[in-house]
Amino acid sequence: LIHFYKRSKVMLAKARLAEVLRRRSSEFIKLGRSASTLPANDDQFDFLSSFDIKAHQARYGNPQEVWVESLETVQPNFTGIRQLHQDVFAVYPRIDLIHKNVVWQTTYSKVNYAHAKTVREMIHYFGGGAKPWPQKRMGRARHGSIRSPQWKDGGKAHGPRGPKSFYHMIPYHTRVFGLTHTLTVKFIQDDIHVVKDLEIPTDDPDFIHEIISSRGWGKSTLVVDKDDIFPRNITAATDQIKHVNLMPLYGLNVLSMLKHHTLILTESAVEELTKKILFALNRTDSYARTGLSHCGPKPVDLKIEKHRPVV
Amino acid sequence: MGSREKAFQFLREVPRLSTVNLAKLPGISRTKKRGYGQNGKERGWGTSARQKMHYGPLGYEGGGTPIQTKPAIERSYNYGRHAVKQFPPITLENLQLAIDTNRIDASKPIDLATLSCSGVFPIKPDKNQFGFNLISNGMDNFKAKVNIEVQWADEQTIAAVERNGGKITVAYYDLHSVSALSAPLKFLRSGVPIPRRLTPPGNLLHMYIDPAKRGYLADPALVAQERKVLAQKYGYEAPKYDDNPELFEKNKDPRQIFYGLEPGWLISIEDQTIFKPKEEQLKQMYST
């Protein structure tokens, strides 16, 4: 019995939580990579690659237009005009959806490690299980142990118990709408600039500072390209600047967009983003996809075949 | 100016949106029940015998809703409603729209799987939905030539489909088969061999053996005759299926669920293989 008690409930709870978090995080990392970075070879369920933007016509609203700039010179350099899809960049803006996404992003990985030991845990670690003095004839109050709650250094009766995870998922479509509504607000407030590509002439950080001040871009800038490998010059130039950040498209998220004043998108990023979001808004397997958000990814290990999780 | 444009104009005038000026929608505040008084251990009755001598107002029955306050509930009007088989309707208008917008391919036979997987016509077996009922709304503008298999149809619908040279069959699927057909990939990935379709229940048999209703269990010769009768009744040419054998020659056995797949087969999509039963007993069981 003593041997059993040595493995305390706290250690069990901590081990269980760590296991859950590790499993969940590894599964999500797998999903994130298989969605966009790993190539799909002859995948008959890869509907995203065969999704045709031109076949899909938006019902309401007009497409928005945006200047396409170039980063070759410090001075503003407009090379063309591009149309942006209204279902991605001009939806009726809902601040509460953006708020939901921001709250989710900030709290889903939060763990509260507060843990107050109970009477039995205090006895286990620090002793004091015996009755301190006999029940009667001492002239003192009656006690069973020196670790009960009313004692100094006693256990806490109803305290915080063990690590508590705030992990939760908001529905898939709420997250998609978070992206579209944030992009809309940023676009309407003139904080989105579309750029032909990210080729700059030097790798000097001062070039970046001059571009930002001459073009009136905000202090903090988020530069988004389609792939995660960026040209050498811009990587070197922005490496030491903490408020100019490079990000691939698969990392685009609501919180980053709000924290950075300006959002720079390359043309290929805009195309890929439009395609992905229109696919997400019009997919016909929504039932299966939203079920994933509730229960998490469920790979089925059958001997006959491997189940491919819905992404 | 629309509401969207007004919102955009507002956004252009106010400061930049950031994490500090976000808010959620005002919610409804719910009053929490406190752990004392009416919600406490004694439920408002006190602790001593003297305190329990307050007998309550007239009609008090110890806490539950007294009979004079109970709302009138009619209990037995919908008895058995949960067990009734449902056939949610599909209008010919919506079917035509789906075909015109390339949601459904009219050059192949249409069955419950096609309709469900198009995403336009959902089917829920857990709500006792046994298939689709094709109704005649929009039959004046129905121009498509289809080979369609539904679970219920009336005379005018049948005439509207056959007027364009199409073919309609009315077939029964039990709930297990409906679940399999409505989400075929999910079923085929579950590792269960394809079951055989069950026969219709007695109270619905009149539909499926009647050639006038194009039942799947009716004699094909009688069904062909009924097509001519209906054509004469409504004044159009009876349909001929010889010139398009690809579309019209695919028929399902009464025990078959999927086109081209027999009951008893075990499908592996990942490995692109089919496992068929070898034992005679099994083969006989699945084929009858």
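Further up the page is the structure itself.
So, a few notes on the structure that sits alongside this text. (Residues numbered from 1 in each chain as written. Chains lettered and ligands numbered in written order. Predicted model: local features only at pLDDT ≥ 70, side-chain atom pairs only at ≥ 80, totals over all residues. Heavy atoms only, no water.)

Overview of the overall build of chain A
Counting secondary structure elements, chain A contains 11 helices and 8 strands. A burial count over chain A gives 39% of its 311 residues as buried. Of all intrachain contacts in chain A linking residues separated by at least 6 positions in sequence, the fraction that spans at least 24 positions is 74%. Split by element, the accessible area of chain A, about 18600 Å² in all, is 55% carbon and sulfur. (Helix = DSSP H or I, 4+ residues; strand = E, 2+ residues; numbered from the N terminus. Buried < 20%, exposed > 50% of the residue type's maximum accessible area, 1.4 Å probe, protein only. Contact = heavy atoms within 4.5 Å. Areas by Shrake-Rupley, 256 points an atom, 1.4 Å probe, with all protein chains shown as cover.)

Brief notes about the interface of chain A and chain B
At the interface, 30 residues of chain A touch 31 residues of chain B. Buried surface at the junction of chain A and chain B, summed over both partners, amounts to about 2700 Å²; 63% is from carbon and sulfur atoms. Salt-bridge contacts for R16(B) lead to D191(A); the nearest nitrogen and oxygen are separated by 3.0 Å. Inspection of the chain A/chain B interface yields 6 residue pairs in polar contact (both at pLDDT 80 or more). For the side of chain A that touches chain B, the elements supplying multiple residues, two or more each, are helix 4 (95-107), helix 6 (172-188) and helix 9 (254-259) of chain A. Of the residues forming the side of chain A that touches chain B, the biggest block, 5 residues, is contributed by helix 4 of chain A. Its residues assigned to classes, the side of chain A that touches chain B comprises 15 nonpolar, 9 polar and 6 charged. (Buried area = accessible area lost by both parts, 1.4 Å probe. Salt bridge = Lys/Arg side-chain N within 4 Å of Asp/Glu carboxyl O. Polar contact = N/O pair within 3.5 Å; in protein donor to acceptor, adjacent residues only side chain to side chain. Nonpolar A, V, L, I, M, F, W, Y, C, P; charged D, E, K, R; others polar.)

Concerning the pairing of strand 8 (residues 262-266) of chain A
Residue and element names in this part refer to chain A. For strand 8, the tally of buried residues reaches 5 of 5 residues, placing the bulk of the element in the interior. Neither face of strand 8 is left uncovered, since the one carrying T262, I264 and T266 and the one carrying L263 and L265 both have all their residues buried. Two strands pair when backbone bridges link them, and strand 6 (residues 221-225) and strand 8 are joined in this way by 4 bridges, in the parallel orientation. When the bridges of strand 8 are listed, L222 appears paired with L263. (Pairing = 2+ DSSP bridges.)

Side note on the sheet that holds strand 1 (residues 64-69) of chain A
Residues and elements named next belong to chain A. Within the open sheet, the 6 strands sit side by side as 2-1-5-8-6-7. Their pairing is mixed. With partners counted over all chains shown, the strands left at the sheet margins are strand 2 (78-84) and strand 7 (244-248), one partner each. When strand polarity is set aside, the average angle formed by the axes of neighbouring strands in this sheet is 30°. On top of the sheet, helix 10 (residues 267-282) reaches strand 1, strand 2, strand 5 (192-195), strand 6 and strand 8; it is set at about 90° to strand 8, its chief contact. (Axes fitted to C-alpha atoms, helices over the stretch in contact; angles between N-to-C directions.)

Observations regarding the environment of R16(B)
Its location among the elements puts R16(B) in the loop between helix 1 (3-13) and strand 1 (89-91). Sequence-distant contacts of R16(B), that is, excluding residues within four places in its chain, are made with Q189(A), D191(A), H261(A) and N21(B). Within the local environment of R16(B), its side chain forms a polar contact with the side chain of D191(A), the two groups lying 3.0 Å apart.

So, the pattern of salt bridges
All names here are of chain A. The final tally for this structure, using the stated rule, is 16 salt bridges over all chains. E271 is paired through a salt bridge with R82; the nearest N and O atoms lie 4.0 Å apart. Residue E271 is found in helix 10, and its partner R82 is found in strand 2; the two are separated by 189 residues along the sequence. Residue E271 is classed as partly exposed on the basis of its relative accessible area of 48%. Look at R82 and you get buried, because its relative accessible area is 16%. Via salt bridges that share partners, R82, E267 and E271 belong to a single interconnected network.

Structural notes on the sheet that holds strand 1 of chain B
All names here are of chain B. One open sheet holds the 3 strands; their spatial order is 1-2-4, and the pairing between them is parallel. Single-partner strands in this sheet number two, and they are strand 1 and strand 4 (152-153). In terms of strand pairing, strand 1 meets strand 2 (residues 133-135) through 3 bridges, oriented parallel. For I90, the partnering residue across the bridge sits in strand 2 and is L134. Set on the sheet, helix 2 (residues 92-100) makes contact with strand 1 and strand 2; between it and strand 1 the angle comes to about 65°.

Focus: helix 7 (residues 205-215) of chain A
Residues and elements named next belong to chain A. Where helix 7 is concerned, the buried positions are F207, I208, I211, I212 and R215. Down the axis of helix 7, the buried side of the element spans an arc of 130°, and every buried residue falls inside it. Buried residues along helix 7 sit against strand 1, strand 6, helix 8 (232-239) and strand 7. (Arc of directions from axis to C-beta.)

Section: empty space enclosed by the protein
Residue and element names in this part refer to chain A. According to the stated counting rule, one finds 1 cavity of 30 Å³ or more in the structure shown. As a volume, the largest cavity reaches approximately 110 Å³. In terms of lining, the largest cavity is formed by L71, I200, I208, I211, I212, W217, T221, V223, I234, T238, V244 and I264. For the lining of the largest cavity, the elements supplying multiple residues, two or more each, are helix 7, strand 6 and helix 8. Take the lining of the largest cavity: its biggest share by element is 3 residues, from helix 7. Considered class by class, the residues forming the lining of the largest cavity number 10 nonpolar, 2 polar and no charged. (1 Å grid on protein atoms, 1.4 Å probe; cavity = no way out; pocket = protein on both sides within 12 Å on 5 of 7 lines; lining within 4 Å. Points joined across faces, edges and corners; volume = space filled by probe spheres on them.)

Such coordinate-based values are descriptive only and should not be taken to indicate function.
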